[in-house]
Amino acid sequence: MAVTTLFGASVRRREDPRLVTGRGTYTDDVRLPGLLHAVFVRSPHAHARIRRVDTAAARRVPGVAAVFTGADLAGKVNPLPCAWLVPNADLKTPPHPALATDRVRYVGDAVAVVVAEDRAAARDAAAVIQVDYEVLPAVAEAEKAVQPGAPQLHDGVPSNIAFRWKVSGGDVADAFARADRVIRQRLINQRLIPNAMEPRAAVADYRAATGELTLWVTSQNPHIHRVILSGVLGIPEHRLRVIAPEVGGGFGSKIFVYPDEAVVAFCARELGRPVKWVEDRRENYLITAHGRDHVTEVELAVRSDGTLLGLRGRTYANLGAYLSTAAPGIPTILHGLMLSGAYQLPAVDYEVVGVFTNTTPVDAYRGAGRPEATYIVERLMDLAAQELGLDPLEIRRRNFIPLDRFPYTTVTGLSYDSGNYAQALDTATRMLEYDRWRDEQRRARQQGRYIGIGASCYVEICGLGPSPVAGAVGFQFGLWGSAVVRVHPTGKVNVFIGEKPHGQGEETTFAQVVADELQVPLDDVQVIYGDTALTPMGWGTYGSRTTPVGSAACLLAARRIVDKARRLAAHLLEAPEADVVYQEGRFFVRGSPERAKTFQEVALQAYLAWNLPAGMEPGLEASAFYDPPNFTYPFGTHLCVVEVDPETGQVQILRYVAVDDCGRVINPLIVDGQVHGGITQGLAQALQEAAVYDQGGQLLTASMLDYPVPKAAQVPVYLTARTETPSPHHPLGVKGVGETGTIAATPAAVNAVMDALQPLGIRHVDMPLTPSRIWQAIQRAKGGAR
């Protein structure tokens, strides 16, 4: 395990200067000779039969190069596949056409595309396309979609049920029979809309002479885009190049392969000219995959001393109109298996019903299944404490998985690698001054003020993941990482990785790992990613996997470089290899430090190749693939203190403490940034964000005027700290931190608000806890009219 000043140093992100000064190159910045622009015609109806599409007027608009409908794509563009086929769940995979031909199934479903010399002409032409719709009944809620008589979205999918997935372990019936108390609650994880600063975009360029197509696209995983689009478009993979330039945020929404990206590539191939499409903000709200949208009925069996006995329940997961790329795996594998949380829970019986509705497809959104699971577990812990008269921190302490039980196998079958949950809670408690705030709460209540303290003790599954496990749970790809480390004759280093950082900072942290291992200056290492023609195959950036998986690949490749360089140095020094020491960038003979070769001198000799050991190939380059033996399991405790104004329902966060444990930390500055951003997103779910549909499937929150993304002025001060419990199976001991804040913050804030409202007899309010909802709950509690 390498430990130097670079590993663990708060190095400033090297990608920031170009990004914050506007010098980054995004997909919309791509300019090509002869570039055309595409605009889609999208359904205004949530559910309708397409009787006719009249494109005649659009074709006459000056500047229009072509108009295509779904019929034009027949035999040339295959339906979009789903890549996570969860087994043993009777999964239905109805076709997802790139352009609708017979029916539209959600508002925003595309029925035609116009390609023109400029975007204005394309917009003008799209506006005069006449689509004759027969409007059909629609359904937007998962629970209603499974009811008899509900509108049916797809042939061969009775009751709109895409799958039924179950997980069980232990004796749940016995657990509930032995319980002193059963805690019951209906919990809603509302639908959320990703709001990356950069909307999605695609530019396609087809060369008929060679049959090669290049696609610049806003992607978190360009290699996955290439594999899937090769099948969708029928273009051999070696003739399809996918480039993901700078990507301005994704939060999961740019993992997936979307229909419009395939259509843009089709247009370029048909027209023999490059074509660009850039999503506008309204399209972003309507067609980019949403997140969450779970309705859960759950019960928790406990003893009177707070000991957990068992959990059972059912979640209806709204999948939207079609199966997005990873949709079935989010509410099942990444959600249902995490219902033990950080606790010794001996029995679970849980079902997830995936349901099609006339809404935007739902897939991974930062945290992806784990925030939903943590919210369930942590709300139940607070409700149990309340009903049993226990302190909410004490009931958690009594049920934590103890330090000496790791590695720990949960009742749902996961093997947690390492953890010290009590230490994280104790650290957070001290930082918050928990007892002082409880005293302050008592005094405030005497004054008619409502202060609440909320806790969230989370553990998450990340570092996705062992490829054999990915295959066993239906993921259609591997989940290893890859890296190529190329040392140039001057000793400068390029690191090519298969992942695609887009704000997480691995351009800096991976350079730290490699520079640390090679013992060269950090500025001598450059990390390259995002282009399938340059980088090794990789599975992308999501699920907090890039650092734990990708860094290990970088480390292993760098170690191979050092191994070869040591053999060459020994040859040059005319010494046995076993006697050669590598220290501070110099190879020298043990006991004779003056007999030395620098790393740069050895690199040059590797390329000159005048004097190599017998059998050694010229050059200094190594590649490595790292397939983790297990997932990693970061954990921590977040504590939140709020005050609720009973006259307005407004929530003010008075203090927020986050103690996270992501194993060994490569760069504390970047870890803090990830935690800050994650907490902000988690608090936004708790207090303000929600995608709202009407009964007819119209999205009522289709702009930032109606969907309140948090503003900088609304973000409180966060007090952060870390404990460090290395992952025992990882060569660097790291775990991953990209989603911890989003997972932990939501239940911490909700528990705080519910704690504040406890004197009023309010047990639970569904998210988001807007002033209006809280005010109405207070009025109901007081016996008011609302």
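Here, the structure is the one placed above.
Residues numbered from 1 in each chain as written. Predicted model: local features only at pLDDT ≥ 70, side-chain atom pairs only at ≥ 80, totals over all residues. Heavy atoms only, no water.

**Considerations on the overall build of the protein**
Broken down by element type, the protein carries 20 helices and 28 strands. The C-alpha radius of gyration of the protein comes to 28 Å, within 12% of the 28 Å expected for a compact globule of 786 residues. The C-alpha extent of the protein, read off along each of the three principal axes, is 90 × 70 × 45 Å. The buried share among the 786 residues of the protein stands at 65%. (Helix = DSSP H or I, 4+ residues; strand = E, 2+ residues; numbered from the N terminus. Rg over C-alpha atoms; globule rule 2.2 N^0.38 Å. Buried < 20%, exposed > 50% of the residue type's maximum accessible area, 1.4 Å probe, protein only.)

**What about the packing of helix H16 (residues 546-573) against helix H17 (residues 599-608)?**
Interhelical geometry of H16 versus H17 gives an angle of 85° and a closest axis separation of 10 Å. Considering their axes alone, H16 and H17 lie roughly perpendicular with respect to each other. Where H16 abuts H17, its residues Ile 561, Ala 565, Leu 568, Ala 569 and Leu 572 lie against Phe 599, Val 602, Gln 605 and Ala 606. Taken together, the residues that form the contact of H16 with H17 break down as eight nonpolar, one polar and no charged. (Axes fitted to C-alpha atoms, helices over the stretch in contact; angles between N-to-C directions. Parallel < 35°, antiparallel > 145°, perpendicular 65-115°, else oblique. Contact = heavy atoms within 4.5 Å. Nonpolar A, V, L, I, M, F, W, Y, C, P; charged D, E, K, R; others polar.)

**Details of the sheet that holds strand S13 (residues 291-302)**
The five strands are arranged S7-S15-S14-S13-S8 in an open sheet whose pairing can be described as mixed. Here the strands that pair on one side only, and so sit at the sheet edges, are strand S7 (161-169) and strand S8 (181-192). Strand-to-strand, the axes of this sheet are offset by a mean angle of 10°, without reference to chain direction. By the bridge criterion, eight bridges tie S7 to strand S15 (residues 348-356) in an arrangement that is antiparallel. The residue of S15 that forms the bridge with Ser 168 is Asp 349. (Pairing = 2+ DSSP bridges.)

**Thoughts on unusual backbone geometry**
A cis geometry characterises the amide bond from Phe 406 onward to Pro 407, with omega recorded as -5°. The step from Met 767 to Pro 768 runs through a cis peptide bond, and the omega angle for that step is -5°. Backbone geometry places Ser 159, a non-glycine residue, at a positive phi of 60°. Within the secondary structure, Ser 159 sits in the loop between helix H5 (142-145) and S7. Residue classification places Ser 159 among the partly exposed residues on the basis of a relative accessible area of 30%. In this model, Ser 544 sits at a positive phi of 50°, which is unusual for a non-glycine residue. Relative to the helices and strands, Ser 544 is located in the loop between strand S21 (525-528) and H16.

**Examining the sheet that holds strand S20 (residues 493-497)**
With mixed pairing, the four strands of this open sheet are ordered in space as S21-S20-S19-S25. On the outer flanks of this sheet lie S21 and strand S25 (621-626), each paired with one strand and no other. Between one strand and the next, the sheet's axes are offset by a mean angle of 15°, whatever the strand orientation. Where strand S19 (residues 481-487) lies against S25, six bridges are found, and the strand directions are antiparallel. By the bridge assignment for S25, Ser 482 is matched with Phe 625. Contacts between H16 and the sheet are confined to S19, S20 and S25, with S25 contributing the most and set at about 145° to the helix.

**Some remarks on the environment of Cys 554**
You can see Cys 554 is positioned in helix H16. Look at Cys 554 and you get buried, because its relative accessible area is 0%. For the pair Cys 554 and Ala 622, spaced 68 residues apart in sequence, the C-alpha separation works out to 9.7 Å. Excluding its chain neighbours within four sequence positions, the residues that come into contact with Cys 554 are Ala 483, Val 485, Val 495, Ile 497, Phe 510 and Val 514.

**Quick look at the nonpolar core**
The biggest cluster of nonpolar side chains holds 190 residues, and the ones touching the most others in it are Tyr 416, Tyr 656 and Val 753. Counting residues per element, this core draws most heavily on helix H10 (residues 370-388), at ten residues. Excluding residues that lie within four positions of it along the chain, Tyr 416 makes contacts with Met 338, Ser 340, Gly 341, Ile 401, Phe 406, Pro 407, Tyr 408, Thr 410, Tyr 421, Val 459 and Tyr 633. Counting residues in hydrophobic clusters, the runner-up holds 48 residues, among them Ile 497, Val 525, Tyr 529 and Tyr 626. (Core = buried A, V, L, I, M, F, W, Y, C linked by side-chain atoms within 4.5 Å.)

**Some details on the pairing of S21**
Sheet analysis places S20 next to S21, joined by four bridges and oriented parallel. Opposite Phe 496, over in S21, you have Ile 528 as the bridge partner. A crossover connection joins S20 to the parallel S21 through helix H15 (residues 506-518); in handedness this β-α-β unit is right-handed. (Right-handed = clockwise from strand over helix to strand, strands pointing away.)

**Observations concerning the pattern of salt bridges**
One pass over the full model with this rule turns up 49 salt bridges. Ionic pairing is found between Glu 117 and Arg 273, a salt bridge with its closest N-O pair at 3.0 Å. One end of the pair, Glu 117, is in the loop between strand S5 (110-116) and helix H4 (119-127); the other, Arg 273, is in the loop between helix H8 (259-271) and strand S12 (275-278), and 156 residues separate them in sequence. Arg 273 gets classed as partly exposed once you look at its relative accessible area, which sits at 27%. Two residues, Arg 722 and Asp 672, come together in a salt bridge whose shortest N-O distance is 2.8 Å. Highlighted residues: Arg 722 in strand S28 (residues 719-722) and Asp 672 in helix H18 (residues 668-687), separated in sequence by 50 residues. On the basis of relative accessibility, which here comes to 24%, the residue Asp 672 falls in the partly exposed class. Salt bridges linked by common partners bring Arg 42, Arg 200, Asp 260, Glu 261, Glu 279 and Glu 283 together as one network. (Salt bridge = Lys/Arg side-chain N within 4 Å of Asp/Glu carboxyl O.)

**Overview of the packing of aromatic side chains**
Tallying each qualifying case throughout the model produces 19 aromatic pairs. With centroids separated by 6.5 Å and ring planes inclined at 45°, the aromatic side chains of Tyr 408 and Tyr 416 adopt a geometry described as tilted. You can call Tyr 416 buried: its relative accessible area is 0%. For Arg 200, the ring lying beneath its charged end belongs to Tyr 258, and the centroid distance is 3.5 Å. Geometry around Trp 437 places Arg 436 over its ring, the cationic atom sitting 5.0 Å from the centre. (Phe/Tyr/Trp six-rings, centres within 6.5 Å; stacked < 30°, edge-to-face > 60°. Lys NZ or Arg CZ within 6 Å of the ring centre and 35° of its normal.)

**A few points about the side chain of Asp 417**
Note that Asp 417 resides in the loop between strand S17 (415-416) and helix H12 (421-432). You can call Asp 417 buried: its relative accessible area is 4%. Of note is the side chain of Asp 417, whose polar atom sits 3.5 Å from the backbone nitrogen of Tyr 633. The residues contacting Asp 417, other than those within four sequence positions of it, are Phe 406, Pro 407, Asn 630, Phe 631, Thr 632, Tyr 633, Ser 727, Pro 728, His 729 and Lys 735. (Polar contact = N/O pair within 3.5 Å; in protein donor to acceptor, adjacent residues only side chain to side chain.)

**Some thoughts on the environment of Gln 519**
Residue placement: Gln 519 occurs in the loop between H15 and S21. For the pair Gln 519 and Arg 586, spaced 67 residues apart in the sequence, the C-alpha separation amounts to 8.6 Å. Contact partners of Gln 519, with chain neighbours within four places excluded, come to Tyr 582, Gln 583, Glu 584 and Gly 585. In this structure the side chain of Gln 519 is engaged in a polar contact, spanning 2.5 Å, whose partner is the backbone nitrogen of Glu 584.

**A closer look at the environment of Gly 75**
Structurally, the position occupied by Gly 75 is in the loop between helix H3 (70-73) and strand S4 (103-104). You can call Gly 75 exposed: its relative accessible area is 82%. A C-alpha to C-alpha distance of 59 Å links Gly 75 and Ile 453, two positions 378 residues apart in sequence.

**Description of the side chain of Thr 546**
Locating Thr 546 in the fold gives a position in helix H16. Among the residues examined, Thr 546 registers a relative accessible area of 3% and is labelled buried. Looking at Thr 546, its side chain comes within polar contact range of the side chain of Thr 541, at 2.8 Å.

Any link to function would need more than the numbers given here.
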